[in-house]
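# Commentary on secondary and tertiary structure
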Amino acid sequence: MTADSFLFWMLAAVTLCSGLAVVVISNPIYSALCLAMSMVGVSALFATLGAYFIAGVQMIVYAGAVLVLFVMVLMLFDLKTELVTFSRGKISGLLKIATVGVLAGFLAGAFSMTIEFAEKTGAATTVPTPDTSKALGTLLFTKYILGFETLGILLLVIAIGVVGLARSKGGTHAKH
Amino acid sequence: MPSIDIVTHIGLNHYLVLSALLFVTGMAGVLLRRNVIVLLMSIELMLNAVNISFVAFSKYLDKLDGQVLVFFVMTIAAAEAAVGLAIAVSIFKRYKEVNIRFFEHLKG
Amino acid sequence: MGSDAFEITINCIKLILVFLLMVQAVPVLVWLERRGSGFIQNRFGPNRVGPLGLMQLLADAVKFLTKEEFSPKAATKLLFYAAPVFALIPGTLGFAAIPMGSPLHWGNYVFPIQGYDVGVGIVFILGVSSLGAYTILMAGWGSGNKYALMGALRASAQTISYELALGLSIVGIIMMYGSFNLSEMIHAQQGTMVFHAFGNTISTSWLPNWGIFYQPLAAIIFFSAAFAESNRLPFDLAEGEAELVAGFHTEYGGFKMLLFFIGEYGHMMVASGLMVTFFFGGYNIPWTTTEQVYQWALGLMDSSDGASALTSLVHFLSYMIKLGFFLWIFIWVRWTLPRFRYDQLMDLGWKTMLPWALANTIVSAIVIFAVSYSW
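Overview of the structure. Since this is a predicted model, take the numbers as computed values, not measurements. (Residues numbered from 1 in each chain as written. Chains lettered and ligands numbered in written order. Predicted model: local features only at pLDDT ≥ 70, side-chain atom pairs only at ≥ 80, totals over all residues.)

Moving on: the overall build of chain A. A count of helices and strands for chain A gives six helices and zero strands. Secondary structure elements of chain A, listed N to C terminal, follow the sequence α-α-α-α-α-α. Here the contacts in chain A between residues at least 6 apart in sequence split such that 52% fall between residues at least 24 apart. (Helix = DSSP H or I, 4+ residues; strand = E, 2+ residues; numbered from the N terminus. Contact = placed C-beta atoms within 7 Å.)

Encoded structure:
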C-alpha cells in the first residue's frame, strides 16, 4: 500500500463517517461540528488531487466562515437534543431511503459508464502537479468572466436581501 | 489481481464513488431530517460531494475548468447558507423551534 | 516528505522542533508580558522566584499541573475537554508553515528551515487559522455557562469579521510578489530597494527592499486585524472582565486554561511571523541578500556545508529578533490601549478596515498594471 492510497482511504473514511454523522446524530450542534470535520476532509482530498488553492479556499470559505455561521446560529438557539429527529411515517421514510438507494445505483451505473472514457483521455499521473493557481486565475478572468461578474451581482442582491430579512419584525437591532 | 489493485491504485473512479456516497448521504439527510438547519447542512454536504467530482475530473482530464466551477459552487453555497439561516432565524423568533413544518406558515 | 530515510527523519525531527519552539516560547512570553506590564504600569512584575523572576514560569507550570481537575455540572463533557486540545491546532499548523531561515544545503539535501513548505503558503495559513473560531465556540457552548457562551459568540463573530479585512489587506502583497509562497516573497525582499517602473530600474542604497515601503496601508490594516484575529487587547471583547467574567474560558482552570493560553500566544506568533514575512523582509538581514551572507560565511568556514549552516543560523537569529520585536508590540499595545466597545469594534472592522483594504487592493492592482505595462 503506497502512501497515496493510504491517504485517500483515510481521508475518504473521515469524510464519509463525519458526513454520515451529520445525518444521523440528533444533536444539531454535533451535526454541525461533524460537518466541519467533513469539510476539512474534503479540503484535504482536494489537496491530494493537486488543487491546492481550491483546498485552501475550501478551508477558508466553508470550514472557516459558512460552518462557523451555522454553529453560531445553533448555539444562539441553544437547541437541545431533538426528541423527534427524523420525519414521521415509517412507510414514507422507507420510501425515501429506497429513493436514495435507487439514486445511488443510478450514479454508480453512470460512473461506471463514464470511467472508460475518462481513463482513456487522461492517464492517472502519479507526479504531483505543479501549482496551478495562476492558470486558474487566468481562466476565471477570461473564459468565465461573465459567470464571475454575475456571481458578484448575485452576492450583492443576496447581501441586501439577507439584511432586509434579518431586520424585519424585530431582530437584535429592532426599533420597538 | 483486481481486488488488490482497487485498494492500492487510486484512480478517478475512487473519487467519483466517494463523491456519489457523500451526495447520497446528504440527500438522505434532506429527505429524513426535520430541523431546517440540519437540512441546510445536508445540502452543503451534497454541494461538497459535487465539488469532489469536479476537482477529480479536472485532474484526470487535465483541464482547470472544473476547479473554476468549484469556485462558483462555493459562492452559491455561501449565499444559500446566508439566506437559509436568515429565514431559519426569523422562523425561530416566532415559533422557538426550527422544524421544517413551520414553513407552511410562510404563505401569504 | 523526502526521498530517502535520512531526509524523512530530519524532516520529522524538524516538525517536532518547530512545535517545541512554539510551545517553549510561551512561558518566556508570559514572563515578558508580566514583567513588561509591570514596567509599563510602574510596578514590579514577578521578581521573587529566581533571578528577575525567571523561575516563576516553572512555578506556574507546577501550579497549573497540580490544580484540581474538574468540569462544571452543566457542561457538555466532550466539547468541554476537546476545546483546549483543539486550541493548539491553528497556531501550531500555521507557525510551522512560516520560513524561519534560509534553506540549509547539506550535501545533496536541501532542508527548508520551517516545518513544511506549502506551495500556497498564505492560503494554507489563513485557512488553518480560520479554524480557531471552532475552539472558542466549543469552549463557550460546552461550558454550559451563559457568560462563556456570550463571550464565545462575540469572539467568533469578531474573528470571522476581521478575517475579511485580514485576507483582503494582503491581496496587494500577493499581487506584487506574484506568488502565494512565503519563501518566494522573502526571496523578493532581499537587499536594498530596487524596483522597475515604466521600463526604468529605480534603486536606492538606504532603504531595505521591504514590503512595508510598497504597501504601508496593507501593513497597518494587517497588523490591526491580526490583533482582532488573536483576540488580544484592544479587541479582546470576548473576555471583557467587567461584563463577561473571563469570556469563553470562564470555566477553565489549571492545565486546560494553559492550553488556551498557548493557543492564544500561538496565534500571536503566527501573526507576528506573517507580519515579518510580508512586510519586513522575513529572515533576511536588512540591506543584505542571502547570497552576500553566504559569501561572508564562506570566508569563515572551509566547507560549503558549514557555510550554509552558518548562513541559516544567522538568518534564523535575524528572524527571531524581528519576531520578538512584533511580539513585544503585541504586549506593549495590550498594556497601553483601552478596550473598544463592541459596536465600535464591528464598525471599525466592517466600515473602516474593509473598505480601506478593498481600496488598497484596487489601487495596487492599477499601479502594478500601469508600472509593468509596456507603454
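Take helix H10 (residues 216-229) of chain C next. Residue and element names in this part refer to chain C. For H10, which comprises 14 residues, the first-to-last C-alpha distance of 20 Å matches the rise-based estimate of 20 Å (1.5 Å per residue) to within 8%. The buried fraction of H10 amounts to 11 of the 14 residues, a majority that puts the element mostly inside the structure. Inspection of H10 places Ala-218, Ala-219, Ile-221, Phe-222, Phe-223, Ser-224, Ala-225, Ala-226, Phe-227, Ala-228 and Glu-229 among the buried residues, and these make up the whole buried set. On its buried face, H10 is in contact with helix H5 (121-129), helix H7 (146-169), helix H8 (171-177), helix H12 (254-279), helix H14 (304-334) and helix H15 (342-372). (Expected span 1.5 Å × (residues − 1). Buried ≥ 20, exposed ≤ 12 C-beta atoms within 10 Å, placed from the backbone.)

The next point concerns the interface of chain C and chain A. The interface of chain C with chain A comprises 20 residues on the first partner and 18 residues on the second. Put simply, the parts of the chain that give the side of chain C that touches chain A at least two residues each are H5, helix H6 (132-142) and H7 of chain C. Here the residues of the side of chain C that touches chain A sort into 15 nonpolar, four polar and one charged. (Nonpolar A, V, L, I, M, F, W, Y, C, P; charged D, E, K, R; others polar.)

Turning our eyes to something else, we now look at the pairing of strand S4 (residues 200-208) of chain C. Residues and elements named next belong to chain C. Where burial is concerned, little of S4 is hidden: zero out of the nine residues are buried. Two elements, strand S3 (residues 192-197) and S4, share five bridges in a ladder whose sense is antiparallel. Residue pairing across strands places His-196 opposite Thr-201, the latter belonging to S4. Between S3 and S4, which pair antiparallel in sequence order, lie two residues; one of them, Phe-198, sits at a positive phi of approximately 50°. (Pairing = 2+ DSSP bridges.)

Listed by partner, the interface residues are 71 residues for chain A and 62 residues for chain B. Sorting the residues of the side of chain A that touches chain B by element identifies helix H1 (3-24), helix H2 (28-48), helix H3 (52-77), helix H4 (90-121), helix H5 (133-142) and helix H6 (145-167) of chain A as the ones contributing at least two each. It is H4(A) that contributes the most residues to the side of chain A that touches chain B, 13 residues altogether. A breakdown of the residues in the side of chain A that touches chain B according to their chemical character gives 50 nonpolar, 16 polar and five charged.

Another aspect to go through is the environment of C:Ala297. Take C:Ala297: it is sitting in helix H13 (residues 290-300). Apart from residues no more than four positions distant in its own chain, C:Ala297 is found in contact with C:Ala307, C:Leu310 and C:Thr311.

What follows concerns the packing of H3(A) against H7(C). Following both chains from N to C, one finds H3(A) and H7(C) inclined at 155°, their axes separated by 11 Å at the closest point. Comparing the axis directions of H3(A) and H7(C) gives the class roughly antiparallel. At the point where H3(A) passes H7(C), the crossing takes the left-handed sense. Contact residues: H3(A) offers A:Gly64, A:Ala65, A:Val68, A:Met72, A:Met75 and A:Leu76, while H7(C) offers C:Leu149, C:Leu153, C:Ser156, C:Ala157, C:Ile160 and C:Glu163. For the contact of H3(A) with H7(C), a count of residues per class yields nine nonpolar, two polar and one charged. (Axes fitted to C-alpha atoms, helices over the stretch in contact; angles between N-to-C directions. Parallel < 35°, antiparallel > 145°, perpendicular 65-115°, else oblique. Left-handed = near helix turned anticlockwise from the far one by under 90°.)

On to the nonpolar core, then. Grouped together as the largest cluster of nonpolar side chains are 165 residues, with contacts concentrated most on A:Leu67, A:Val71, C:Phe222 and C:Met275. Sort the elements by how many residues they give to this core and H3(A) lands first, with 19 residues. Sequence-distant contacts of A:Leu67, defined by excluding residues within four places in its chain, comprise A:Ala32, A:Leu35, A:Ala36, A:Met39 and A:Tyr62. (Core = buried A, V, L, I, M, F, W, Y, C linked by C-beta atoms within 7 Å.)

Looking now at the environment of A:Met37. Residues and elements named next belong to chain A. Looking at the secondary structure, you find Met-37 in helix H2. Considering only alpha carbons, one finds Met-37 and Ala-110, 73 residues apart in sequence, at a separation of 29 Å. Apart from the residues within four sequence positions on either side, Met-37 is in contact with Val-14 and Ser-18.

Here we come to the packing of H7(C) against H10(C). Residue and element names in this part refer to chain C. For the pair H7 and H10, interaxial distance at closest approach is 9 Å and the crossing angle is 160°. One element, H7, and the other, H10, form an angle in the roughly antiparallel class. Considering only the axes of H7 and H10, their crossing is left-handed. Contact residues: Gln-158, Thr-159, Tyr-162, Glu-163, Ala-165, Leu-166 and Ser-169 in H7; Ala-218, Ile-221, Phe-222, Ala-225, Ala-226, Ala-228 and Glu-229 in H10. Of the residues assigned to the contact of H7 with H10, the class counts are nine nonpolar, three polar and two charged.

This part is about unusual backbone geometry. All names here are of chain C. With a phi angle near 60°, Asn-42 is a residue other than glycine that sits in the positive phi range. Among the structural elements, Asn-42 can be located in the loop between helix H1 (5-40) and helix H2 (56-66). Residue Asn-42 is classed as exposed on the basis of its C-beta count, with 6 C-beta atoms lying within 10 Å.

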